[in-house]
Amino acid sequence: MRAFTLRVIRICVVAVACALFFLFGWRTHRFVQIFFEHPGILLDQPAVLEAHDAAPRDARIAVVPRITHQIFHNWTHPADTTLPADWAATRQTCLDLHPGWEHKLWTVEDSHDFIANEYPWFLATYDSYGYPVQRIDALRYFLMRHFGGLYIDLDNGCAANLEPLRYYPVWVTDGGHGALSNNILGAAPDHPFWHLMTDNLRSYAWTYPLPYLTIVYASGQWCLTAMWNKYHGGLAAKQPPLTRISMDGRPGAPPWVFFTHTRGGTWNNWDNRLFGWIGDHLALTALAVLVAVACTLAVLYTIIQTIAKFRRPRGPKYATLI
């Protein structure tokens, strides 16, 4: 009876271990997809401009409203809404190129009131974020859902009129390696993608051991990329994919036509450099993780075998009869 019980326990332990291993592998696979090939249609900025210039007048329907959204949360003095001089100059480039557009600058108070009035079910999560930049991340998604238009980080300026980008119902920017970016976004209001994005923010609002992980995966770029992949994974055959606008800053990449970049990185923490290096060496990092997992499994197997060897019952010793 005891032997049978031990066998059942071993089978259960092995089954649980296999289930955990399968779950870990499945979740790891989904997580890794954030950093490699992304679904959707990739367009570089010269191609967007060319398509706009080549199309006959009124042949295309512009679906993105003429609204720009930018967010300024003064984390030290929330009541102070005065932009730093360099960001004010960068923002002015967009205002100058779009005189007939509506330009919204969202302050700490404006942002909180908007969430409280329009999406009260999210307010507790919004207020509970451990890092202020997470509120900025979440807010931009709700602005896209509610108003549509273009969201632009304050460290990004405009180099040309953005009218050619109004024909794509949802677009994000793609730096060409790693996760997608949420620094500049475009949207028609009330698009299903932004419903998916905002409806999932509460389930992603975890606090991880490292600040960078918490920021980018609970609300930032990794979260956006995960939802982007999820949305495209659920598309029906005739539903159109969404658009990725190339903003690859590496040498040899297509040039930027519409945007510029100035001082940023205000949300950086001590671990940003570490993850920046990982983002530039994805293959090497993946290999290192595989080696670490293999070594861990080998050590665990050795420990289990050693314990089993010492606990194995030994038979009685008998004297040799002559």
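Residues numbered from 1 in each chain as written. Predicted model: local features only at pLDDT ≥ 70, side-chain atom pairs only at ≥ 80, totals over all residues. Heavy atoms only, no water.

For the rest of this paragraph, the subject is the sheet that holds strand S1 (residues 41–43). Pairing is mixed in the open sheet, where seven strands are placed in the order S1-S8-S6-S7-S4-S2-S3. Two strands in the sheet have a free side with no partner beyond their single neighbour: S1 and strand S3 (102–106). Taken over all neighbouring pairs, the strand axes of this sheet differ in orientation by 25 degrees on average, direction set aside. When strand S2 (residues 67–71) meets strand S4 (residues 149–152), the two strands line up parallel, connected through two bridges. (Pairing = 2+ DSSP bridges. Helix = DSSP H or I, 4+ residues; strand = E, 2+ residues; numbered from the N terminus. Axes fitted to C-alpha atoms, helices over the stretch in contact; angles between N-to-C directions.)

One pass over the full model with this rule turns up one disulfide. Shown here is the disulfide that connects cysteine 94 with cysteine 158, its sulfur atoms set 2.1 Å apart. Every disulfide takes its handedness from the sign of the S-S torsion; for cysteine 94 and cysteine 158 that torsion is 90 degrees, giving right-handed. Pair noted here: cysteine 94 is in helix H3 (residues 85–97) and cysteine 158 is in strand S5 (residues 156–158), with a separation of 64 residues, a long-range link. The class of cysteine 94 is buried, set by a relative accessible area of 1%. (Disulfide = S-S within 2.5 Å. Buried < 20%, exposed > 50% of the residue type's maximum accessible area, 1.4 Å probe, protein only.)

Attention shifts here to the nonpolar core. Counting residues in each nonpolar core, the largest one holds 42 residues, and the members touching the most others are Phe122, Phe193, Trp194, Met197 and Leu201. Apart from residues lying up to four places away in sequence, phenylalanine 193 is in contact with Val170, Leu224, Met227, Trp228, Tyr231 and Leu242. One finds Leu43, Cys158, Leu162 and Ile184 within the second-largest nonpolar core, a separate group that totals 19 residues. (Core = buried A, V, L, I, M, F, W, Y, C linked by side-chain atoms within 4.5 Å. Contact = heavy atoms within 4.5 Å.)

Moving on, we get to the side chain of threonine 214. Structurally, threonine 214 is set in helix H9 (residues 211–218). Owing to a relative accessible area of 2%, threonine 214 belongs among the buried residues under this scheme. Side-chain polar atoms of threonine 214 contact the backbone nitrogen of tyrosine 208, separated by 2.8 Å. Aside from chain neighbours lying at most four places away, what touches threonine 214 is Tyr131, Gln134, Trp206, Thr207, Tyr208 and Ser219. (Polar contact = N/O pair within 3.5 Å; in protein donor to acceptor, adjacent residues only side chain to side chain.)

Keep in mind that these numbers describe shape and distance, not what the molecule does.
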